[in-house]
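# Close look at the chain arrangement
Spelled out, the chains give:
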Amino acid sequence: MIKLMKTNTIFNDICYNKLKMEDNNMKAYISKLYDFDHSLESTQYILDHKKDFIIPIYQRRYSWEEKQITELFDTLTNNDGLSDIFMGTIQLNHENEEKYEIIDGQQRLTTFILLLEALDIKDSLYKSFKLLNIDTDLDTLLSEENNNPDKSVSQIYKSAKKIIKKYIEDKEAIKENLKRTYFVVLETENRQPSEIITIFNRLNTTGLDLNSTDIFKIDYYDYLKRKYSSEEDWIKKINDCYTKIDEANDKMTNKHPKIPSIKLDWVLTVYKYIIASSIKGNNHKDIFKSNTSFFSELFKHEERFTDETRNLLEFDKFKLLVDVFIATYKIIYQGDFSSPDYLAVCFIEKTRYSFFWILPFFANFYYYLDKKDNHYDSIDSDILEACVKIAHYLIVQSINNDKRINSSISFIFNNILLKFKEKKYDEIKEDVSNETETLKENFINKINGNIFDNQKKCRILCLLSAYLEEIKANTNPQEIYKLLFSDEYHSFDNEHIIAQSKFGQFDEEQKTLLNTLGNIVLLERSPNRSLQDSEVCYKKDTYIASPLVIVKNLGNDIIKEWTIKDVEKRKETENNKILEYLFK
């Protein structure tokens, strides 16, 4: 939620002096939102008739949904009696005459204008609020005319206005609160995008709208302009890539509304791995930097560039990555899952090494890098097999160790990524299989012991056990994804078949047995918590009603009771099933 802060002279002075020290050519001032009473007082207002606002093309489109709008209303209406309501920082760049670029604060400022519209405050100032460089003002986009220049963009703002109207109960009370709403406005004068972002990063203010993808866009634009042609419209080219992701999401949402849309930051994460593996002195520590930090540092230290780095930073390579990422994401997460191996790759995200989810995207990028084919609608079978082997390796390491092991990270980063670049898929499969085999003895000891002593370990094993049962039952792969890998569908707990509260009647060796897969199964959270400490015979019907094959089968296996012998038998079956899968 946006933090509230009482504004006063001291606060004003601190803000101004701090910023003045940062940059002598930047103004900082406290400003109200809008002059509701048309009082013509000397108070500064963000929304007045002296400013024409422009959203720079490098910024993403308006994206606030009900969650963010609700938080804004909470701030407006639940202000704990404070006399003033602080709504964060707005950063403007005074471009020329009356034109102001909104550098930071677009989402909030647009929402406030939509709120004024919903409060029936009609004012010509809307016509001077240009959105997304489509040369269209908000008033036009909100109109009901059929000739809106961009119907998809128009619908975004209309939907937000509809949500806003739902939260307005007392118009006059909202207006009174808006009169007490303040911002800190930071205003630069006719700065270049790279200079603006430098200031933005240095200030580290609160309530910021600008994100890593916006900052990357400007840093990358500045690099391309310096290295290639200042005449080329690089911002438009980069922006077209961003738009391509939005358009792909719109199409995919219609087909799979419950599966997450692609986030541009994910694409930049893959790009980070690609670039990090090419620079001088590369090591796996670079991949743990945020995307903003990594790329900001990258463009400031070109002495680390190799010829490979410079080649990979060419715009056509970034464009290729966007196209390959969209296609690969569709195949793995939103496609028809023609092979269960696509699902096996999803297991990487469930391990302690979840950051290596990028591997199929990284590998597919290099697969198409030197090909002229612009159809990316498949993943080479060798890449898929290699990624499955890696998933097995990371599962085993996640069970054998209760934390990440640096040697495992280095093995993937320094060895496997290089071989994906060189398309040495057979070598990858052999190397990973050999590494996995060396871990087998320790793995067997781990799954034969208490797996409940570490929740991550227990969850991975229960999830893998459930997955293998679905495969054995020939469940549709897409349905398996929904059941086990999509958080939108089900939340799970690790269920003790014989409840922990009953352990007192068993000896220590038996207690260890009761904390193995012989007595633990994945179960949906709601029924798990309703069963609590029930006797096993009373759990039978709940188990049979589960959507998971493994739980249904368990319910059918329970006759009247569940004994230690049943636990021993189930443990042997489950452990052998997992060992056969991981070490085949």
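Going by the structure above, here's the rest.
Thresholds applied
- Residues numbered from 1 in each chain as written.
- Predicted model: local features only at pLDDT ≥ 70, side-chain atom pairs only at ≥ 80, totals over all residues.
- Heavy atoms only, no water.
- Core = buried A, V, L, I, M, F, W, Y, C linked by side-chain atoms within 4.5 Å.
- Buried < 20%, exposed > 50% of the residue type's maximum accessible area, 1.4 Å probe, protein only.
- Contact = heavy atoms within 4.5 Å.
- Helix = DSSP H or I, 4+ residues; strand = E, 2+ residues; numbered from the N terminus.
- Phe/Tyr/Trp six-rings, centres within 6.5 Å; stacked < 30°, edge-to-face > 60°.
- Lys NZ or Arg CZ within 6 Å of the ring centre and 35° of its normal.
- Pairing = 2+ DSSP bridges.
- Polar contact = N/O pair within 3.5 Å; in protein donor to acceptor, adjacent residues only side chain to side chain.
- Axes fitted to C-alpha atoms, helices over the stretch in contact; angles between N-to-C directions.
- Parallel < 35°, antiparallel > 145°, perpendicular 65-115°, else oblique.
- Left-handed = near helix turned anticlockwise from the far one by under 90°.
- Nonpolar A, V, L, I, M, F, W, Y, C, P; charged D, E, K, R; others polar.

## Topic: the nonpolar core
Among the nonpolar cores identified, the biggest contains 136 residues, and Tyr220, Phe318, Phe356, Phe420, Tyr467 and Leu484 are the most heavily contacted of them. Ignoring anything within four residues of it in the chain, the contact list for Leu484 reads Lys350, Leu463, Ala466, Tyr467, Glu470, Phe492, Leu522 and Leu548.

## Details of the environment of Leu523
Mapped onto the secondary structure, Leu523 falls in strand S9 (residues 520-524). Through-space distance from the C-alpha of Leu523 to that of His496 is 9.5 Å; in sequence the pair is 27 residues apart. Once residues lying within four places of it in the same chain are set aside, the contact partners of Leu523 are Ser491, Phe492, Asp493, Glu495, Asn528, Leu531, Tyr543, Ser546 and Val551.

## Section: the packing of aromatic side chains
The final tally for this structure, using the stated rule, is 35 aromatic pairs. Aromatic ring contacts, followed pair by pair, group Phe216, Tyr220, Tyr223, Tyr271, Phe294, Phe295, Phe299, Phe305 and Phe318 into a single cluster. The lysine or arginine in question, Lys371, covers the ring of Tyr367, its NZ or CZ lying 4.7 Å from the ring centre. The side chain of Lys423 reaches across the aromatic face of Tyr367, ending 5.7 Å from its centre.

## Section: unusual backbone geometry
One non-glycine residue, Lys423, adopts positive backbone phi at about 60°. If you trace the backbone, Lys423 turns up in the loop between helix H17 (406-421) and helix H18 (425-438). We note that Asn474 has phi near 60°; this positive angle belongs to a residue other than glycine. For Asn474, the position within the fold is in the loop between helix H20 (455-472) and helix H21 (477-485).

## A word on the pairing of strand S5 (residues 99-104)
With five of six residues buried, S5 lies mostly within the body of the structure. Two strands pair when backbone bridges link them, and strand S4 (residues 85-96) and S5 are joined in this way by five bridges, in the antiparallel orientation. From the neighbouring strand, Gln91 faces S5, where its bridge partner is Asp104. Taking the residues between adjacent antiparallel strands as the criterion, S4 and S5 are bridged by two residues, where Glu97 takes a positive phi near 45°.

## Quick word on the pairing of strand S1 (residues 27-34)
Counting buried positions over the eight residues of S1 gives seven, a clear majority of the element. Of the pairings in the sheet, the one linking S1 to strand S7 (residues 181-189) comprises six bridges and is antiparallel in character. Counted as the bridge partner of Ser31 is Phe183 from S7. As paired strands, S1 and strand S2 (residues 45-47) are joined by two bridges and run parallel to one another. In the strand pairing of S2, Lys32 is matched with Tyr45.

## Considering the environment of His496
Structurally, the position occupied by His496 is in strand S8 (residues 492-496). With relative accessibility at 5%, the residue His496 sits in the buried group. Apart from residues no more than four positions distant in its own chain, His496 is found in contact with Phe452, Phe503, Leu514, Asn515, Asn519, Ile520, Lys539 and Tyr543. Polar contacts involving the side chain of His496 include one to the side chain of Asn515, which spans 2.8 Å.

## Things to note about the packing of helix H13 (residues 315-332) against helix H15 (residues 359-369)
Here H13 crosses H15 at 125°, and the two axes come no closer than 9 Å. Our classification of the angle between H13 and H15 gives oblique. Note on packing geometry: the crossing formed by H13 with H15 is right-handed. Contact with H13, carried on its side by Lys317, Leu320, Leu321, Val324, Phe325, Thr328, Tyr329 and Ile332, involves Pro360, Phe361, Asn364, Phe365, Tyr368 and Leu369 of H15 and no other residues of that element. Across the contact of H13 with H15, the residue classes tally to eleven nonpolar, two polar and one charged.

Just geometry here; none of it tells us what the structure is for.
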